[in-house]
Each structure stands twice: as C-alpha cells, then as structure tokens.
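Remarks on the overall topology
Listed below, chain by chain, are the residues.
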Amino acid sequence: MADNSQFSQHISRQFNEELEDVRQQVLAMGGLVEEQLNDALNALIEHDGKQAQKVIEGDVKVNGFEVSIDEECARILAKRQPAAGDLRLLVAIIKTITDLERVGDEAEKIAKMASHLSFEVNNDAQPTKKHFGAVMHMGQHVMIMLRHALDAFARLDVQEALKVAKQEVIADREYDAISRQLITYIMEDPRAISGGLDVLWAARSLERIGDHAKNISEYVIYLVCGKDVRHISINELEQVTKADKS
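Residues numbered from 1 in each chain as written. Predicted model: local features only at pLDDT ≥ 70, side-chain atom pairs only at ≥ 80, totals over all residues. Heavy atoms only, no water.

Brief notes about the overall build of the chain
A count of helices and strands for the chain gives seven helices and zero strands. Going residue by residue from the N terminus, the α and β elements of the chain occur as α-α-α-α-α-α-α. Scored against the burial criterion, the 246 residues of the chain give a buried share of 49%. Counted over contacts in the chain with a minimum sequence separation of 6, partners at least 24 positions apart contribute 81%. Accessible surface, the chain: about 11,900 Å² in total, of which carbon and sulfur atoms supply 51%. (Helix = DSSP H or I, 4+ residues; strand = E, 2+ residues; numbered from the N terminus. Buried < 20%, exposed > 50% of the residue type's maximum accessible area, 1.4 Å probe, protein only. Contact = heavy atoms within 4.5 Å. Areas by Shrake-Rupley, 256 points an atom, 1.4 Å probe, with all protein chains shown as cover.)

Section: the pattern of salt bridges
All chains considered together, the criterion is met by 13 salt bridges. Notably, a salt bridge pairs E20 with R23, separated by 3.3 Å at the nearest N-O pair. Note that E20 and R23 are positioned in helix α1 (residues 13–46) at a spacing of three residues, about one turn of the helix. R23 gets classed as buried once you look at its relative accessible area, which sits at 15%. A salt bridge links R155 to D157; the shortest N-O distance between them is 3.0 Å. Using a relative accessible area of 35% as the deciding quantity, one classes R155 as partly exposed. One salt-bridge network, in which partners are shared between bridges, spans E18, E72, R75, K79 and R80. (Salt bridge = Lys/Arg side-chain N within 4 Å of Asp/Glu carboxyl O.)

Remarks on helix α4 (residues 129–155)
Helical geometry: 3.6 residues make up each α-helical turn, so side chains three or four residues apart lie on a common side. Compared with the 39 Å implied by 1.5 Å per residue over 27 residues, the 38 Å span of α4 between its first and last C-alpha is a close match. Where α4 terminates, the next one or two residues include L156, which has phi positive at roughly 50 degrees. (Expected span 1.5 Å × (residues − 1).)

In structure tokens form, the structure reads like this:
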C-alpha cells in the first residue's frame with residue numbers, strides 16, 4: 001500500500017488543505033452513490049415505487065457533486081499548476097467523479113425499472129423470485145466492488161484496487177446468466193415481455209456499474225504507480241501492482 005504522505009507535503013499549507021478537501025468530497029460523493037444504488041436495488045426487489053421515486057429525485061444531488069468537484073479541480077489546476085503526484089491526484093479525481101456520476105445514472109435507471117414494475121405487481125407474468133434473487137445477488141456483488149474501489153481510493157491501496165479489477169469478470173458472468181434466464185422466460189410466456197425486460201435492463205445497469213467500479217480501481221493504480229493501466233490484461237495489471245508492492 002502506498003504512503004498517503006506523498007500527496008500531502010507542500011510548502012503551502014493551504015494547498016494541502018485544498019487537495020484534502022477535494023479528496024474528501026469525492027468520498028462523500030461515493031457514499032451518496034452507494035446509498036442510491038442500495039435504495040434502487042431494494043426498490044426493485046420490494047416493488048417499492050415510493051423508494052424508487054426517491055432515488056430518481058436524488059440523482060440531482062449526485063450531479064451537483066460532480067459539477068462542484070470538477071469546478072474545484074479546475075480552480076486548483078489553474079491556481080497551483082501542480083506537477084507529478086499532485087497532478088495525477090487531480091486527474092484521477094476528475095475521472096473518478098465521472099464514473100461515480102455514471103453509477104448514479106445507472107442507479108436511477110434501476111429505480112425507473114422498479115417504478116414501472118411496482119405498477120404491475122398484480123401481473124401474473126411478473127418475473128419470479130428466482131430472477132429477482134439472481135439480480136439481487138449480482139447487485140450485492142457490484143456494490144461490494146464499488147465499496148472496495150472507494151476504499152482503495154481513500155487508502156491509495158493498489159492491492160485492493162487490483163482485487164476489484166479481478167472481480168469485474170464475475171459481474172459479467174452473472175449478467176450473462178441472468179440474460180439467458182430472462183430471455184428463456186420471456187420466450188415461454190409473451191405476457192412476461194414487459195416485466196422481463198425491466199429486470200433485464202436493471203441487470204444491464206448493474207453490469208455497467210461493475211465496469212465503472214473497475215475503472216475507479218484503475219485510476220487508483222494510475223495515481224499510485226504513475227502508469228495508465230486501462231485496456232491491459234489482468235496479468236499485466238498484476239505485474240504493475242507487483243512492482244509497486246516491491
């Protein structure tokens with residue numbers, strides 16, 4: 001694990017405070033996004049239209065965080081003209097909040113699917129407990145990925161970030177399995193098309209959230225190791241993080 005002090009020692013005490021403040025804002029945004037995702041999943045499973053609407057309305061707060069943090073990063077870049085690790089920190093923050101905002105968007109989509117399903121709760125062709133259980137299992141997996149990615153960002157822990165990156169393939173497999181189940185279910189009963197598609201789109205949003213969690217973990221590795229690790233294999237990623245660990 002990297003030493004946080006490499007990003008916190010400057011001649012200007014105010015610069016230290018500015019960097020720490022914007023870093024804390026990212027973590028606060030991450031906490032809000034986690035809450036949005038958890039509430040959206042609960043709304044989907046419980047067919048809770050009111051909770052779904054709360055998530056939909058809460059997306060504006062996520063967007064507000066992104067704009068505020070982005071503006072603060074732009075101000076610091078213009079005023080301080082940071083280099084090396086400090087510049088990487090700001091770049092990583094700007095990229096991270098973009099992915100967090102998109103996670104918020106996917107949570108909103110799940111909430112919209114939940115809202116739609118809540119109006120069809122008496123429909124005999126609703127997806128079964130088996131389908132909702134599979135989606136919930138996948139949702140718990142990507143929520144853990146997101147939480148660990150944010151933990152890695154908070155502690156600059158490249159090994160934790162590597163674990164998150166490795167978990168993304170599991171989310172993909174779960175999505176593929178859910179897709180096959182739902183497509184079969186829809187083909188067997190045309191009345192199930194509407195509800196089945198709602199659950200399928202929700203699962204697709206979860207798969208994308210897994211992608212965003214992996215992206216955040218890659219930004220942590222970039223921040224600590226100074227190497228852009230997007231679009232490389234897990235084996236290559238392990239070599240990068242192993243070099244940092246040594």
